[in-house]
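Single-letter residue listing:
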Amino acid sequence: MIPFVDLKLQYRSIKDDVDAAVLQVFENASFVLGPEVAEFERLFADYVNVEHAVAVNSGTSALHLAMLAADLGPGDEVITTPMTFIATVSAIDYAGATPVFVDIDPDTLNIDHTRIEAAITPATKAIVPVHLHGLPADLDPLLEIAERHGLTVIEDAAQSHGAEYRGRRVGGIARIGCFSFYPGKNLGAYGEGGAVVTNDPDIAHKVSMLRDWGSEQRYHHDLKGFNYRMEGVQGAVLRVKMAHIENWTENRRRLAARYDELLRPLGYRTPAAPADLRHVYHVYAIRTTKREEIQAFLSEREIASGIHYPIPVHLQKAFAELGHTRGDFPLTEAASDEVLSLPMFPEMTNDQQDVVVAALTEWAETKGAD
Ligand SMILES: *Cc1c(COP(=O)(O)O)cnc(C)c1O
């Protein structure tokens, strides 16, 4: 059996440090926020190369507070990609703003900056690019458009811890960046977690108030806030994991290069990885018109795989109110029909990867890769 990810194996590799850090949280009774969370915030801000990281209880909360800190609300339009996890769009909706979709670049699967200007109206206030699968969106032209139209850019970096755009860590490039530490993400807590990162002290201040009932001083509520605080246990786990994130990321990149090298000659469409970007392969997705058949074939051979994501957000029933139908964003729809995510986790061995490649080789030789 080749799993999609192996979180138990990763725990065993850091068990002593994690156990000690978590027990310390119990000893100190620092269950919510506290010193471990503060230390993690400091390490994570350094890692992303920003002044401030504010830890919250999920990536979705990070996005929600980023929207509020940027003063987005009813009547405002926020441009984003339909090729994302639903949370990107839900956060815009939580703030009361209206999501406006722009189709993707079919090579990178990220928002196509050349289509953004056509979607801008007098109500447009922000753009939320998503660094899908761990590949940075093309930020320089996007930031230039935002600057010209006076729009805030909020990076959804939930899948891209440590990814780099032309030498700069994503999340810290635009005005605000949001991360998720859901267990399966490249940097995962042992429960839910997220963070907002920024170089803007006013944004950091507002987010840190909003996550804690809009207060700086207990029982003095200056803003209508939320209970979005990070738990001490999650801060402890994430603090310990910071010592390993680069190593894990390099393993992902090595495995991805090996998949590329072995799968391309067979005719598979492997993910784009432009030379000036550091892709961190949260997901390693090939594209194929025979996805369902290949997935069933892999599953027969006890090889796990995934689809990220089978239904683009504009076609989700939950957002039917936006009035979209199939055909509105054809490049996203085609990609959603064709992406197939292969097993990818830092602890994966070459032997495990060879089992996946052998199955795909057999498929390509008998049925053809596409
Ligand atoms: C995981 C994810 C989120 C939401 O993060 P949670 O921690 O699960 O709330 C948001 N956006 C993207 C692109 C994600 O992958």
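Preceding this paragraph is the structure being described.
Treat the numbers as computed from the prediction; the structure is a model and nothing was measured.

(A) Spatial organisation of the sheet that holds strand E7 (residues 168-169). The sheet built from three strands is open, its strands ordered E7-E6-E12 with antiparallel pairing. In this open sheet, the two strands that pair with only one neighbour each are E7 and strand E12 (277-278). Sheet analysis places strand E6 (residues 164-165) next to E7, joined by two bridges and oriented antiparallel. In the sheet register, Tyr 165 faces E7, and the bridge partner there is Arg 168.

(B) Up close: the packing of helix H1 (residues 7-28) against helix H7 (residues 232-241). The geometry of H1 relative to H7 is characterised by a closest axis approach of 9 Å and an angle of 135° between their N-to-C directions. When the interaxial angle is binned, H1 and H7 end up oblique. Between H1 and H7 the crossing geometry is right-handed. Between H1 and H7, the residues in contact are Gln 10, Ile 14, Asp 17, Val 18, Ala 21, Val 22, Val 25 and Phe 26 and Gly 232, Val 233, Ala 236, Val 237, Arg 239, Val 240 and Lys 241, respectively. Tallied by class, the residues present in the contact of H1 with H7 amount to 10 nonpolar, two polar and three charged.

(C) Expanded view of the sheet that holds strand E3 (residues 98-101). Spatially, E1-E9-E8-E5-E4-E2-E3 is the arrangement adopted by the seven strands of the open sheet, whose pairing is mixed. Both outer strands of the open sheet, strand E1 (52-56) and E3, are each paired with one neighbouring strand and no more. Taking each pair of neighbouring strands and ignoring which way they run, the sheet shows an average axis angle of 25°. Where E1 lies against strand E9 (residues 194-198), five bridges are found, and the strand directions are antiparallel. Paired with Val 56 across the strands is Gly 194, a residue of E9. This element, helix H5 (residues 139-149), spans strand E4 (124-128) and strand E5 (152-156) of the sheet and lies at about 150° to E5. Contacting E1, strand E8 (176-180) and E9, helix H6 (residues 201-210) crosses the sheet at an angle of about 15° to E1.

(D) Local environment of the site of the ligand. The environment of the ligand is formed by 16 residues, the closest being Gly 59, Thr 60, Asp 156, Ser 180 and Lys 185. Within the contact set of the ligand, an oxygen atom lies 2.5 Å away from a side-chain nitrogen or oxygen of Thr 60. Against a free-state accessible area of 380 Å², the protein chains account for coverage of 93% of the ligand. Put simply, the parts of the chain that give the shell around the ligand at least two residues each are helix H3 (59-69) and helix H4 (87-94). Classifying every residue of the shell around the ligand by side-chain character gives six nonpolar, eight polar and two charged.

(E) How the structure looks around the environment of Tyr 190. By secondary structure assignment, the location of Tyr 190 is in the loop between E8 and E9. Residue Tyr 190 is classed as partly exposed on the basis of its relative accessible area of 33%. The sequence separation of Tyr 190 and Arg 278 amounts to 88 residues, and the corresponding C-alpha distance is 26 Å. Not counting residues up to four positions away in its chain, the partners in contact with Tyr 190 are Tyr 11, Ile 14, Val 18, Gln 234, Val 237 and Lys 241.

(F) Highlighting the pairing of E3. Alignment of strand E2 (residues 77-80) against E3, held across four bridges, turns out to be parallel. Paired with Glu 77 across the two strands is Thr 98, which belongs to E3. Each parallel crossover has a hand, and for E2 linked through H4 to E3 it is right-handed.

(G) Seen up close, the side chain of Lys 185. Within the element layout of this structure, Lys 185 appears in the loop between E8 and E9. Among buried Asp, Glu, Lys and Arg side chains, Lys 185 stands out as unpaired, with Asp 156 the closest opposite charge at 6.9 Å. Beyond its immediate chain neighbours, meaning those up to four positions away, Lys 185 contacts Ala 158, His 161, Ser 180 and His 282.

(H) Spotlight on the pairing of E8. By the criterion of burial, E8 is predominantly enclosed, with five of the five residues buried. Side chains of E8 alternate between two faces, with Ile 176, Cys 178 and Ser 180 and Gly 177 and Phe 179 buried alike. Taken together, the three bridges between E5 and E8 define a ladder with parallel strand orientation. Across the sheet, the residue bridging to Asp 156 is Cys 178, located in E8. Across five bridges, E8 lies against E9 in antiparallel orientation. Across the sheet, the residue bridging to Ile 176 is Thr 198, located in E9.

(I) Representation of the pattern of salt bridges in the model. Across all of its chains, the model carries 29 salt bridges by this definition. Residue Arg 258 pairs with Asp 354 through a salt bridge whose shortest N-O separation is 2.8 Å. In this pair, Arg 258 is assigned in helix H8 (residues 245-263) and Asp 354 in helix H11 (residues 350-367), connecting sequence segments 96 residues apart. Looking at Asp 354, the relative accessible area reads 32%, which means it is partly exposed. In this structure, the salt-bridge partner of Asp 260 is Arg 264, at a minimum N-O distance of 3.5 Å. Here the residues in one salt-bridge network are Glu 164, Arg 169, Glu 246, Glu 250, Arg 253 and Arg 278, joined through shared partners.

(J) Focus on the packing of aromatic side chains. Counting across every chain of the model gives 12 aromatic pairs. Plain terms: the ring middles of Phe 44 and Phe 179 are 4.9 Å apart, the flat faces sit at 90° to each other, and that makes the pair edge-to-face. In this pair, Phe 44 sits in helix H2 (residues 35-48) while Phe 179 sits in strand E8, placing the two residues 135 residues apart along the sequence. For the pair shown, Phe 44 and Phe 179 are each scored as buried. Through a chain of ring-to-ring contacts, three or more aromatic side chains come together here, namely Phe 40, Phe 44, Tyr 47, Phe 179 and Phe 181.

Here is what the cut-offs are and how they apply
Along each chain, residue indices are assigned from 1 in the same order as the chain's sequence is written. pLDDT decides what is reported in this predicted model: residues at 70 or higher carry local features, side-chain atom pairs at 80 or more are listed and counted, and totals for whole chains, interfaces and linings draw on all residues regardless. Side-chain numbers here rest on the full set of heavy atoms in the structure, without hydrogens or water. Two strands qualify as a pair provided that DSSP identifies no fewer than 2 bridges between them. Put simply, DSSP H or I for four residues or longer makes a helix, DSSP E for two residues or longer makes a strand, and each gets a number counted from the N terminus. All axes here are fitted lines through C-alpha atoms, helices being fitted over the stretch that makes contact, and every angle between N-to-C directions spans 0 to 180 degrees. An angle below 35 degrees is read as roughly parallel, one above 145 as roughly antiparallel, one from 65 to 115 as roughly perpendicular, and any other as oblique. Less than a right angle of anticlockwise turn of the near helix away from the far helix marks a crossing as left-handed, whereas a clockwise turn marks it as right-handed. Here, residues are in contact when the closest pair of their heavy atoms is within 4.5 Å. Note that Gly is not counted as nonpolar here; it falls among the polar residues with everything else outside the nonpolar set of Ala, Val, Leu, Ile, Met, Phe, Trp, Tyr, Cys and Pro and the charged set of Asp, Glu, Lys and Arg. Being near a molecule or strand, for a residue, means having at least one of its heavy atoms within 4 Å of it. Polar contacts here mean pairs of N or O atoms no more than 3.5 Å apart (in protein, one a potential hydrogen donor and the other a potential acceptor; neighbouring residues in sequence count only if both atoms are side-chain atoms). The method behind every accessible area is Shrake-Rupley, applied with a 1.4 Å probe, and residues are considered shielded solely by the protein chains displayed. Throughout, exposure labels follow a simple rule: accessible area from a 1.4 Å probe, protein chains only, divided by the maximum for the residue type, with under 20% read as buried, over 50% as exposed, and the rest as partly exposed. If the strands point away from the viewer and the path from the first strand over the helix to the second runs clockwise, then the crossover is right-handed. By the counting scheme adopted, Arg and Lys are positive, Glu and Asp are negative, and His together with the chain ends is not counted. The term salt bridge refers to a side-chain nitrogen of Lys or Arg lying within 4 Å of a carboxyl oxygen of Asp or Glu. Aromatic pairs are defined between Phe, Tyr and Trp rings, using the six-membered ring for Trp, whenever the two ring centres lie within 6.5 Å; interplanar angles under 30 degrees are classed as stacked, those over 60 as edge-to-face, and all others as tilted.

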